[in-house]
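Here is how the chains run, residue by residue.
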Amino acid sequence: MPFDLKHETKTELLHSSKQSLLRFILADNNGQNPQINAILKNPIVFREAFAVFNSIVNFDVSFQLRNNNSYEAWLRQNNLACELLKRRTRKLHNVEFDANKAELKKFMKENKRSLLPYQKAQKRYLRYLYQKYLEKFLVMEPWLSVHSDEVFFETFSYSQKLYCRLSVDVDLLENIKNQKYGTTMFSYSTNFSEAIEKIRDYKQTHISVGLNKEDPVSAHIDLGTIPPERDYIRGLLQMNTAMNLSFIQIDLQPIDLHNLSYLLTKRKKLTEASAIRYELIPGEKVKIILEPENKILECSLSVYDGAKSLNIRHVLREEIKLLSRLVPQIEKLSVFLYDSVSPVFYLARMGEINLTLGLSAWIAGDWTRKGAIDLLRPNSNAAVDDFSRVRILKEVSENRITTAESISQKLKMPHDVVLSALQSFAQEGLVFYDFNKNKYRYRKLFDLDIDASQYRFADEIEAKARYFISQNSVQIDNLDNLNNQLHIAGTVRDKAIEYQPEIVIDQNNRMISASCFCHYYASHKLNLGPCEHMLAIRLKSQDRQSEPTARPELTK
């Protein structure tokens with residue numbers, strides 16, 4: 001896709017004795033140029049939250065040489081240094097040091113002179129990598145959006161296993177000028193993240209989004225074209241889809257986060273897989289269990305008010321310590337868990353500022369290559385006609401933030417049709433679900449239309465599921481509606497084996513539980529998305545439900 005993102009100059013933070021100016025320089029996102037100028041009322045909370053945002057950007061950055069072929073070629077041509085090192089090692093082992101001090105001194109001088117070209121070349125190469133490639137390849141460009149009610153930032157960590165969203169409500173801003181809605185990337189540098197630490201409450205802090213080309217202070221430096229990475233875009237689309245899952249919400253107090261961070265800091269990181277398990281019993285205090293030590297942390301001020309007992313486990317636990325800096329600022333910490341499948345979201349509520357931390361399911365994985373989150377729900381565009389899609393999207397874009405219920409009432413459409421359209425828009429990068437306000441927010445990644453099929457999973461699982469259907473190898477054995485949940489059981493013939501997957505879908509058309517006895521499910525459960533057999537009976541059930549005589553009536 002021909003996206004040309006060009007920065008006019010670098011994002012900067014200017015300080016004086018009386019004020020600070022945060023100037024976020026945006027990329028030219030094919031027509032989307034959000035702008036806002038205002039004054040921060042509470043700069044200290046913003047400083048602490050943005051420091052956590054910065055730590056997530058640089059969380060798992062590790063410097064790696066991308067290509068050392070030229071160095072190896074040079075070493076093969078100049079093997080004198082290697083031979084001298086070998087001779088030195090042999091002599092040190094075979095000759096007494098005191099008896100050969102003069103000879104050793106002469107050898108060391110010769111060795112140093114022979115290695116000098118290599119050391120100079122190595123320094124030049126490392127300096128070249130640091131100056132030209134460090135920020136471009138190791139720090140991913142965050143996204144910035146200006147909305148009618150808030151300004152928010154989004155980013156992934158380097159390995160893309162951590163997602164962060166920092167939102168600043170407009171109630172925290174005063175003297176707002178030149179507010180223009182839109183979404184794009186902004187240039188990011190380590191110098192800017194370090195300068196954030198210098199924000200003080202006795203100095204007035206101004207925030208400026210966009211670039212005033214008439215401002216003589218802004219030097220127009222051409223940094224070239226920045227092509228958006230396919231994996232990065234796919235990660236945002238996966239995150240949009242993940243937020244539409246049916247989550248279980250528990251609310252913790254700041255002291256619970258402090259105690260959890262203290263235990264994680266006190267205990268050494270074990271070599272075997274470590275995890276956090278939430279033990280939830282209705283009407284009782286929330287229990288957090290650290291595995292494999294089985295250390296129990298009882299949240300004395302947090303009570304689980306759900307309807308059934310649950311034990312939910314997720315593997316990333318050290319990353320939660322990133323939120324410990326926000327303990328003095330947090331009013332409430334909401335945890336969004338999915339029964340038997342990740343991701344997990346932690347929402348730190350700090351008044352007008354909120355920070356969402358998303359953890360993927362894998363220790364060495366990411367959102368973009370290993371997670372088939374979008375396959376937890378089928379592509380249901382066929383259930384919504386094009387005219388209805390245009391009307392729903394227009395309603396969302398005009399209101400900027402709304403709910404499925406309000407759209408359904410205003411347009412007089414069925415709720416499930418509106419919800420299906422909103423979920424498909426999330427996969428296309430047009431909207432996403434805001435945990436904090438429980439509403440759908442319009443957020444178009446690019447001014448051009450995105451073909452969601454290009455950013456889906458490699459489609460091996462979905463291709464297999466559709467192949468089973470085309471070969472008439474899928475049979476629906478049971479299709480029942482119990483307690484507003486659709487229970488689907490079927491048989492899928494895969495080569496010479498018949499698998500019998502079962503899935504449960506809630507009234508919002510979301511898969512909440514599933515099982516199968518194939519190797520894929522036994523190895524990964526639902527952490528990598530449904531297996532091809534689960535997906536096959538779900539697609540098959542859609543065809544069956546589309547028939548008037550076979551479609552069950554869901555109780556509202």
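Residues numbered from 1 in each chain as written. Predicted model: local features only at pLDDT ≥ 70, side-chain atom pairs only at ≥ 80, totals over all residues. Heavy atoms only, no water.

Enquirer: Residue-level account of the sheet that holds strand β18 (residues 401-402), with values.
Expert: With antiparallel pairing, the three strands of this open sheet are ordered in space as β18-β20-β19. The sheet terminates laterally at β18 and β19 (431-434), the two strands that pair on one side only. Examined bridge by bridge, β18 and strand β20 (residues 439-442) share two bridges and lie antiparallel to one another. Counterpart to Ile-401 in the pairing with β20 is Arg-441. (Pairing = 2+ DSSP bridges. Helix = DSSP H or I, 4+ residues; strand = E, 2+ residues; numbered from the N terminus.)

Enquirer: Could you give an account of helix α1 (residues 43-57), naming the residues involved and the relevant values?
Expert: It helps to recall that an α-helix has 3.6 residues per turn; residues three or four apart then point in one direction. In a regular helix each residue adds 1.5 Å, so 15 residues correspond to 21 Å; α1 covers 21 Å between its end C-alpha atoms and thus fits that length. Taken across its 15 residues, α1 has 14 buried, putting it largely inside the fold. (Expected span 1.5 Å × (residues − 1). Buried < 20%, exposed > 50% of the residue type's maximum accessible area, 1.4 Å probe, protein only.)

Enquirer: Go over the sheet that holds strand β14 (residues 310-314) with me, naming the residues and quoting the values.
Expert: Pairing is antiparallel across the open sheet formed by four strands, whose spatial order is β13-β12-β11-β14. Only two strands of the sheet have a single neighbouring strand rather than two, namely β13 (295-303) and β14. Between one strand axis and the next, the sheet turns by 20° as a mean value, whatever way the strands run. Sheet topology note: the strand β11 (residues 275-280)/β14 ladder contains five bridges and is antiparallel. Bridged to Ile-276 within β14 is His-314. Packed onto the sheet, helix α7 (residues 254-266) meets β11, β12 (285-291) and β13 and runs at close to 170° relative to β13. (Axes fitted to C-alpha atoms, helices over the stretch in contact; angles between N-to-C directions. Contact = heavy atoms within 4.5 Å.)

Enquirer: Residue-level account of unusual backbone geometry, with values.
Expert: Its identity as a non-glycine residue notwithstanding, Asn-178 has a phi of 55°, on the positive side. By secondary structure assignment, the location of Asn-178 is in strand β7 (residues 173-180). Here the phi dihedral of Asn-438 falls at roughly 55°; this positive angle occurs in a residue that is not glycine. As for its placement among the helices and strands, Asn-438 is situated in the loop between β19 and β20.

Enquirer: Explain the packing of helix α8 (residues 386-399) against helix α9 (residues 404-411) to me, and be specific about the residues and the numbers.
Expert: For the pair α8 and α9, the least separation of the axes is 11 Å and the interaxial angle reads 120°. Classified by the angle between their axes, α8 and α9 sit oblique to one another. Two packed elements cross with a definite hand, and for α8 against α9 that hand is right-handed. On α9, the residues touching Arg-391, Ile-392, Glu-395 and Val-396 of α8 are Ile-407, Lys-410 and Leu-411. Taken together, the residues that form the contact of α8 with α9 break down as four nonpolar, no polar and three charged. (Parallel < 35°, antiparallel > 145°, perpendicular 65-115°, else oblique. Left-handed = near helix turned anticlockwise from the far one by under 90°. Nonpolar A, V, L, I, M, F, W, Y, C, P; charged D, E, K, R; others polar.)

Enquirer: Go over the confidence of the model for the protein, please, and point to the residues and values.
Expert: The share of residues in the protein with pLDDT of 70 or more is 70%, and the mean pLDDT across the chain is 75. In the predicted structure, residues 378-382 sits below a pLDDT of 50 and forms eight contacts with residues beyond four places in sequence or in another chain. (pLDDT = per-residue confidence, 0-100.)

Enquirer: Account for the packing of aromatic side chains, with residues named and values stated.
Expert: The final tally for this structure, using the stated rule, is 17 aromatic pairs. An angle of 80° between the planes, with centres 5.7 Å apart, marks the rings of Phe-247 and Phe-345 as edge-to-face. Separated by 98 residues along the polypeptide, Phe-247 in the loop between α6 (230-242) and β10 (248-252) and Phe-345 in strand β16 (residues 344-350) bring together distant segments of the chain. In this pair, the class of Phe-247 matches that of Phe-345, namely buried. Look at Tyr-499 and Phe-517: their rings are 5.2 Å apart centre to centre, the planes differ by 35°, and that puts the pair in the tilted class. Note that Tyr-499 is positioned in strand β23 (residues 497-499) and Phe-517 in the loop between β25 (511-515) and α12 (519-524), a separation of 18 residues in sequence. Grouped by ring-pair contacts, the aromatic residues Phe-247, Phe-336, Phe-345, Tyr-433, Phe-435 and Tyr-440 constitute a single cluster. In this arrangement the basic side chain of Arg-165 is found over the ring face of Phe-152, its NZ or CZ atom lying 4.4 Å from the centre. (Phe/Tyr/Trp six-rings, centres within 6.5 Å; stacked < 30°, edge-to-face > 60°. Lys NZ or Arg CZ within 6 Å of the ring centre and 35° of its normal.)

Enquirer: Explain helix α11 (residues 460-470) residue by residue, including any values.
Expert: Within the sequence span of α11, burial applies to Ile-461, Glu-462, Ala-465, Phe-468 and Ile-469. Looking straight down α11, one finds its buried side chains confined to an arc of 120°; they lie on one side. Of the residues flanking the end of α11, it is Asn-472, one or two places downstream, whose phi is positive at about 55°. (Arc of directions from axis to C-beta.)

Enquirer: Can you lay out the pairing of strand β17 (residues 353-359) for me, pointing to particular residues and giving the numbers?
Expert: The element β17 is extensively covered by neighbouring structure, given that seven of its seven residues are classed as buried. Burial of β17 is two-sided: the residues Ile-353, Leu-355, Leu-357 and Leu-359 facing one way and the residues Asn-354, Thr-356 and Gly-358 facing the other way are all buried. In terms of strand pairing, strand β6 (residues 162-169) meets β17 through seven bridges, oriented antiparallel. The partner of Leu-166 across the bridge, within β17, is Leu-355. Summarising the sheet, β16 and β17 pair through seven bridges and their orientation is antiparallel. Considered in β17, the bridge of Met-350 is made with Ile-353. With antiparallel pairing between neighbouring strands as the criterion, β16 and β17 make up a hairpin whose turn holds two residues, including Gly-351 at a positive phi of roughly 75°.

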